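Residue strings, one per chain:
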Amino acid sequence: MKKRGLILIIFLAVFTADVFAVGLVNPKIGVIPFTPGYTNSWVFHASGASRDIAIIVSGNLAQYVTVSRDFLPKNNPDKSFVVSIALPETLYPPGKHSFSISLEETISPEEEAAGLFVLAANVKVPFYLEVPFKGKYLTARIETQNLNVGEKKKFRVLLENKGLETIKEAYADFKVITIQENTTAIPLIMTEKTSIGGVSKAELEAEIDAGKLQVGDYMALARIHWDGNLTELNGKFKVGSMDVLLLNHTKRIEAGQIRRFEMTVKSGWNSRVDDVRIRLSIAERTVETPSISLAPWEEKTITGYFDARELREGAYNGTAELYFGSEMKTLPISIHIFEPPEPQAEKQDAQKIYVLVGVVVIAMLIVLVFLLKAAGKGRKGRESIEAPEMPLKE
């Protein structure tokens, strides 16, 4: 069995090393913007192959793509090849198109004839091209940021005209509402106006003042006005304060034991909070946790150990001093100490012993009664056998 395992390990070490070895080093091309009659070429390099490599082009743009070599021999150190693209004057439909370059290790005829189990590697890299729309075609997205009370930050709307025609005028108005009450927290804020050329991008900004907002969850509503059209967006964000919340804690502890005491805390601050720790005072005992740090809005569980070895069953009230940064707040806390239930196995063993003792006692009583009856009958028999004494005649 050990020999088989060793053979399997050697097999995997030999063959899987090549599976993930093939790589394709290519220039950073990004999304190619469509231009009528566009042509370009790039040099690619294959790396790490242990076999001959076939180069394959696929995708809906494959007919416009050529490669200088479609085969890379294993023994040839030159693993470079050129990829060229030549686009037509028009390309339909508008939107995103793609092609892919794949490198695939080939299996030799000798390996196929021998019926060997061979693992061949391959790698595939996609490339994209954007075909613009006729006329005006606007896409937009909103970028919001979480804030702390009193901060000011700029929210942005990112605009992209994927059409060929210029958008002459574009602007946005922002409104902030509360998520829970759905009430207006900040009325309309207008951005500046801009134009967007064909196949071009632009940004619109609005400054949000959190000094006018309370701690809570909000939504920014943005309406983009562009050449008589309207596009609506929304994005959520939080407004925080320098605060840490105690969300949950251990509520039941077994009597007679030292147990983990877990407390879950969450940051209500849009910045890092350091030195977060808890000092728990309850039932004349103190539990102190180590210090941790919380990222903005992060939730973590911190742990201490509670000594319940001399506590009786019942409810106990105390306080948790929650420290964070240079702040501290005191929170009420309660736990319940409980006696562990008697193990079921011990109960069953005790019941068996009780039954056995009862059976033995009953058996002994039966035997005792039997012996007593037998002794009584013996005495009566002897009395009946003994003859009375007769007086002697003179």
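All figures in this text were calculated on a predicted structure; none of them were measured in a lab. (Residues numbered from 1 in each chain as written. Predicted model: local features only at pLDDT ≥ 70, side-chain atom pairs only at ≥ 80, totals over all residues. Heavy atoms only, no water.)

Draft legend 1. Molecular detail of the pattern of salt bridges. Taken as a whole and judged by the stated rule, the model has 17 salt bridges. Between R223 and D173 there is a salt bridge, with its nearest N and O atoms 3.1 Å apart. Remark: D173 occurs in strand β13 (residues 167–178) and R223 occurs in strand β17 (residues 216–226); sequence separation between them is 50 residues. Judged by its relative accessible area of 3%, D173 is buried. One continuous salt-bridge network, built from bridges that share partners, spans R141, E143, R156 and E203. (Salt bridge = Lys/Arg side-chain N within 4 Å of Asp/Glu carboxyl O. Helix = DSSP H or I, 4+ residues; strand = E, 2+ residues; numbered from the N terminus. Buried < 20%, exposed > 50% of the residue type's maximum accessible area, 1.4 Å probe, protein only.)

Draft legend 2. Representation of the sheet that holds strand β3 (residues 39–47). Spatial ordering of the open sheet is given by β1-β3-β7-β5, a layout of four strands whose pairing is antiparallel. Each having just a single partner strand, β1 (23–25) and β5 (65–67) make up the two edges of the open sheet. Adjacent strand axes in the sheet meet at a mean angle of 30° when their direction is disregarded. The sheet contact formed by β5 and strand β7 (residues 80–86) spans three bridges and is antiparallel. Opposite V65, over in β7, you have I85 as the bridge partner. (Pairing = 2+ DSSP bridges. Axes fitted to C-alpha atoms, helices over the stretch in contact; angles between N-to-C directions.)

Draft legend 3. Representation of the sheet that holds strand β25 (residues 299–307). The sheet built from three strands is open, its strands ordered β19-β21-β25 with antiparallel pairing. Each having just a single partner strand, β19 (244–249) and β25 make up the two edges of the open sheet. Neighbour-to-neighbour, the strand axes of this sheet turn through a mean angle of 30°, independent of strand direction. Bridge count for β19 against strand β21 (residues 258–267) is five bridges, and the pairing is antiparallel. Across the sheet, L245 pairs through a bridge with K266, a residue of β21.

Draft legend 4. Highlighting the pairing of strand β8 (residues 95–105). Counting buried positions along β8 yields eight of eleven residues, so the element is predominantly enclosed. The pairing of strand β4 (residues 53–58) with β8 spans six bridges and is classified as antiparallel. When the sheet's bridge partners are listed, V57 is paired in β8 with I101.

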